[in-house]
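Letter by letter, the chains look like this.
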Amino acid sequence: MNTPQRALLVLLLLALTGCAATPERPETVRQALFGLGERVAEQVAASPTLPSPATDQVLLLAMPAVDPELGLSDERLMESLTRALLGLDDGPQVLDWRPSLTEGAGRNQWRLDSRLSASAPRLQLSDRELLPYRLTLSLRRPGRDQVLWETHIDGALDATAL
């Protein structure tokens, strides 16, 4: 076997080895929460409450409430939600909500509340531990208690990535 054929064979074997390897696990919290943030953005964008296109709307993102059993900080989830919502094509403007923003809120402003809670005991698999969760999203007008839209997202986070 000559050198070019040997090099081609080595490259082919390396490519096949990469395909047969186990899939990579998320290595950081940002990666672990990336999919969840995208699901949130899709749900909010599909909300019948927000006018479409939402480019003239302002989404005031409240600090999420996160169940301590999940071992995840409020700030980490907030970062993931913010990034995903900002990544929407023709999506709303996204700002962190603060109580001072309630005064003089315009008709184009919406407050998004989120609550991430453990929905079941931890699941121990042979290679990792999963944390089942339920994320509740609520849209309301700033300064008002009435929920205008609400949805739930259920799933599980890989505990090794948190």
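Residues numbered from 1 in each chain as written. Predicted model: local features only at pLDDT ≥ 70, side-chain atom pairs only at ≥ 80, totals over all residues. Heavy atoms only, no water.

### Some details on the pairing of strand β6 (residues 129–140)
For clarity, the threshold we go by: Burial classes: relative accessible area under 20% of the type maximum marks a residue as buried, over 50% as exposed, and values in between as partly exposed (1.4 Å probe, protein chains only). Each helix corresponds to a stretch of at least 4 residues labelled H or I by DSSP, and each strand to a stretch of at least 2 residues labelled E; elements are numbered beginning at the N terminus. Strands are labelled as partners when DSSP assigns at least two bridges between them.
Counting buried positions over the 12 residues of β6 gives 10, a clear majority of the element. Direction of pairing for strand β4 (residues 109–118) relative to β6: antiparallel, over a ladder of eight bridges. When the sheet's bridge partners are listed, Ser 117 is paired in β6 with Arg 134. Sheet topology note: the strand β5 (residues 123–124)/β6 ladder contains two bridges and is antiparallel. Following the sheet pairing, Gln 124 is matched in β6 by Glu 129.

### Quick word on the confidence of the model for the protein
The following threshold applies: For every residue, the predictor reports its confidence as pLDDT, a number between 0 and 100. Contacts between residues were defined by any pair of non-hydrogen atoms, one from each residue, lying within 4.5 Å.
Here the protein averages 82 in pLDDT, and 76% of its residues register 70 or above. When mean pLDDT is compared element by element in the protein, strand β2 (residues 65–66) scores highest at 97, while helix α1 (residues 3–20) scores lowest at 54. Contacts of residues 18–27 to residues separated by more than four positions or lying in other chains number eight contacts, the stretch itself having pLDDT below 50.

### Notes on the side chain of Ser 80
Within the secondary structure, Ser 80 is located in helix α3 (residues 74–86). On the basis of relative accessible area, Ser 80 is assigned to the buried category, the value being 10%. The residues contacting Ser 80, other than those within four sequence positions of it, are Leu 33, Phe 34 and Gly 37.

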